[in-house]
Amino acid sequence: MHRAQLESFRKRLAEAQNVVVLTGAGVSAESGIPTFRGAGGLWRRYAATDLATPQAWQRDAGLVWEFYNYRRTLMGDKAPNPAHKALAGLEQRWTAAGRRFDLVTQNIDDLHFAAGSQAVLRLHGSLWLVRCLACGEVEENRQVPITSAYEGSGSPDIDAPQRRFSEADLPHCSCGGILRPHVVWFGEGLDARILRAAQRAVEACSLLLVVGTSAVVYPAAAVIPLARQHGACIAEVNLETTPATGLVDYHFAGRAGEVLPEMLAGLP
Ligand code: BJW
Ligand code: ZN
């Protein structure tokens, strides 16, 4: 990391009254959670981005639940990494100083909460929430496996046996309706209140920190040009360049768990 760039960023951050952080799957990669795109994004022969769709649900809800059940199982021994912790620490310092801090995440793993972050806006829902297709009720559900039919299922291996699940195997609401993961799939609208809150925070921020996202999924990625339009300073942390890199003031290349603690160390 270039020392001069780092010092310059720290100065901008120290002056920033309102800070917003946008995170994506890369922030959880060092906790052992696969990202969506690239090498980690395959489950069996399926691309994660193909399973996170209403079409996949229509075709085979049992398979989609197997995929989410696998991801819930995977979370069992996963913990926040130094990137999550550095962001939680930043929020603590900022709010203690009477400044504004918001964390907007595309992740559904809730690891920001586990690290102690509080002002978290989850754009794409949560792995631990389910929604009834009949009555619409959203509730927390931490059952793993999601139903007994899923016990021992979900291996990501390409030659794992393809189990068939019947409707009775799926999780059900007390009203009798089928439960689905309360997450946002492609083509589905985001929760309008959460999206609006994120956009408002971005419009008012003096600094936007973008961490571990490929910045290709909308409307989440649109907050980056939005921050630019409103005159915010923007910094990006990523292993690679992204479509947002051309818009940012600072690009810090590297692993979020290593780069972020260094970027955020020694601030007031
Ligand atoms: C590291 C690292 C380390 C690795 N350290 N870095 C405008 C233009 C074009 C299309 C659209 C548009 N507006 C809407 C659309 C359609 C669509 C869309 O965006 N499509 C594009 C892909 C083309 N959007 C939608 O459908 C959204 N709905 C919507 O807009 O409704 C209205 C509407 C509908 C249709 C048309 C028009 C309007 C909904 C989007 C929902 C996204 N859902 C998912 C699944 C969530 C549930 C689940 O988790 O299962 O969200 S898809 C997936 O992508 C997931 C993620 O949150 C999201 C973003 O991915 P993310 O987090 O960036 O991960 P990766 O894997 O892509 O990147 C990881 C990055 O980390 C990489 O850059 C690595 O280099 C880096 N990295 N390790 C630092 N250690
Ligand atoms: Zn119900």
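In this text, all values refer to a predicted model and were calculated from it rather than measured experimentally. (Residues numbered from 1 in each chain as written. Chains lettered and ligands numbered in written order. Predicted model: local features only at pLDDT ≥ 70, side-chain atom pairs only at ≥ 80, totals over all residues. Heavy atoms only, no water.)

**As for the site of ligand 1**
Thought 1: The local shell around ligand 1 holds 35 residues, among which Arg37, Tyr68, Gly187, Ser214 and Asn238 are the closest.
Thought 2: The separation between an oxygen atom of ligand 1 and a polar side-chain atom of Arg71 is 2.7 Å.
Thought 3: Between ligand 1 and the protein, one listed contact pairs an oxygen atom with a backbone N or O atom of Gly187 at 2.6 Å.
Thought 4: Those elements that provide at least two residues to the shell around ligand 1 are helix H2 (26-29) and helix H5 (61-74).
Thought 5: Tallied by class, residues from the shell around ligand 1 come to 17 nonpolar, 12 polar and 6 charged. (Near = heavy atom within 4 Å. Polar contact = N/O pair within 3.5 Å; in protein donor to acceptor, adjacent residues only side chain to side chain. Helix = DSSP H or I, 4+ residues; strand = E, 2+ residues; numbered from the N terminus. Nonpolar A, V, L, I, M, F, W, Y, C, P; charged D, E, K, R; others polar.)

**Considerations on the domain arrangement of the chain**
Thought 1: Looking at the assigned domains, one finds that the chain contains domain 1 (1-33 + 80-124 + 190-268) and domain 2 (34-77 + 125-183).
Thought 2: Computed from C-alpha coordinates alone, the two centres of domain 1 and domain 2 are separated by 28 Å.
Thought 3: Counting from both sides, the interface comprises 16 residues of domain 1 and, opposite them, 16 residues of domain 2.
Thought 4: Summing both partners gives a buried area of about 1,100 Å² for domain 1 against domain 2, and 61% of it is carried by carbon and sulfur.
Thought 5: One can count 0 salt bridges joining domain 1 with domain 2.
Thought 6: Counting across the domain 1 and domain 2 interface gives 2 residue pairs in polar contact (both at pLDDT 80 or more).
Thought 7: By residue class, the composition of the side of domain 1 that touches domain 2 is 8 nonpolar, 5 polar and 3 charged. (Domains from an automatic or database assignment. Contact = heavy atoms within 4.5 Å. Buried area = accessible area lost by both parts, 1.4 Å probe. Salt bridge = Lys/Arg side-chain N within 4 Å of Asp/Glu carboxyl O.)

**Let's talk about the side chain of Arg44**
Thought 1: Structurally, the position occupied by Arg44 is in the loop between strand S2 (42-43) and strand S3 (46-47).
Thought 2: With a relative accessible area of 5%, Arg44 lands in the buried category.
Thought 3: From its side chain, Arg44 meets the backbone oxygen of Ser155 in a polar contact 2.8 Å long.
Thought 4: Dropping the residues within four chain positions of it, Arg44 is found in contact with Leu63, Glu66, Gly154, Ser155, Pro156, Asp157, Ile158, Ala160, Pro161 and Gln162. (Buried < 20%, exposed > 50% of the residue type's maximum accessible area, 1.4 Å probe, protein only.)

**A closer look at the coordination of the zinc ion (ligand 2)**
Thought 1: Protein-derived coordination of the zinc ion (ligand 2) comes from Cys132 (SG), Cys135 (SG), Cys173 (SG) and Cys175 (SG), at a distance range of 2.3 to 2.4 Å.
Thought 2: Between the 4 donor atoms coordinating the zinc ion (ligand 2), the angles at the centre fall across 100 to 120°, so the site counts as tetrahedral. (Donors = N, O, S within 2.8 Å, 3.2 Å for Na, K, Ca; no water. Tetrahedral: all angles 85-135°; square planar, octahedral: opposite > 155°, others 65-115°.)

**Here we look at the sheet that holds strand S10 (residues 233-238)**
Thought 1: Spatially, the 6 strands line up as an open sheet ordered S5-S4-S1-S9-S10-S11, and their pairing is parallel. Two strands close off the open sheet at either side, each with one partner strand: strand S5 (120-122) and strand S11 (250-253). Along the sheet, successive strands turn relative to each other by an average axial angle of 15°, direction set aside.
Thought 2: Bridge count between strand S4 (residues 100-105) and S5: 3 bridges; the pairing is parallel. Within the sheet, the bridge partner assigned to Leu103 lies in S5 and is Val120.
Thought 3: Contacting strand S1 (18-23), S4 and strand S9 (207-211), helix H6 (residues 82-96) runs over the sheet at an angle of about 155° to S4. (Pairing = 2+ DSSP bridges. Axes fitted to C-alpha atoms, helices over the stretch in contact; angles between N-to-C directions.)

**Section: the packing of helix H1 (residues 3-15) against helix H10 (residues 256-264)**
Thought 1: Taken N-terminus to C-terminus, the directions of H1 and H10 make an angle of 60°; their axes are 9 Å apart at the nearest point. What the angle tells us is that H1 and H10 run oblique. Taken together, the residues of H10 that come into contact with H1 (itself represented by Arg3, Leu6, Phe9, Arg10 and Leu13) are Glu262, Met263 and Leu264. (Parallel < 35°, antiparallel > 145°, perpendicular 65-115°, else oblique.)

**Focus: the side chain of Arg71**
Thought 1: Tracing the backbone shows Arg71 in helix H5.
Thought 2: It is Asp109 that comes nearest to the buried, bridge-free Arg71 among opposite-charge side chains, at 7.4 Å. (Lys, Arg positive; Asp, Glu negative; His and termini not counted.)

**Quick look at the sheet that holds strand S6 (residues 125-132)**
Thought 1: The strand order S7-S6-S8 describes an open sheet built from 3 strands, whose pairing is antiparallel. The sheet is open, and its two borders are formed by strand S7 (138-140) and strand S8 (179-183), each paired with just one other strand. Across the sheet, the mean angle from the axis of one strand to that of its neighbour is 45°, orientation sign disregarded.
Thought 2: Alignment of S6 against S7, held across 3 bridges, turns out to be antiparallel. The residue bridging Arg131 from the neighbouring strand is Val138, located in S7.

**Digging into the pattern of salt bridges**
Where charged atoms of side chains with opposite charge meet at close range, the side chains can pair.
Thought 1: Counting across every chain of the model gives 14 salt bridges.
Thought 2: Across the pair Glu262 and Arg3 runs a salt bridge whose closest N-O atoms are separated by 3.2 Å. On the criterion of sequence distance, the pair formed by Glu262 in helix H10 and Arg3 in helix H1 is long-range, its members being 259 residues apart.
Thought 3: When its relative accessible area of 30% is taken as the criterion, Glu262 is described as partly exposed.
Thought 4: A salt bridge links Arg142 to Glu140; the nearest nitrogen and oxygen atoms lie 3.2 Å apart. Of the two residues, Arg142 and Glu140, neither departs from the other in class, the shared state being exposed.
Thought 5: The structure contains a network of salt bridges with shared partners spanning Glu30, Arg255 and Glu258.

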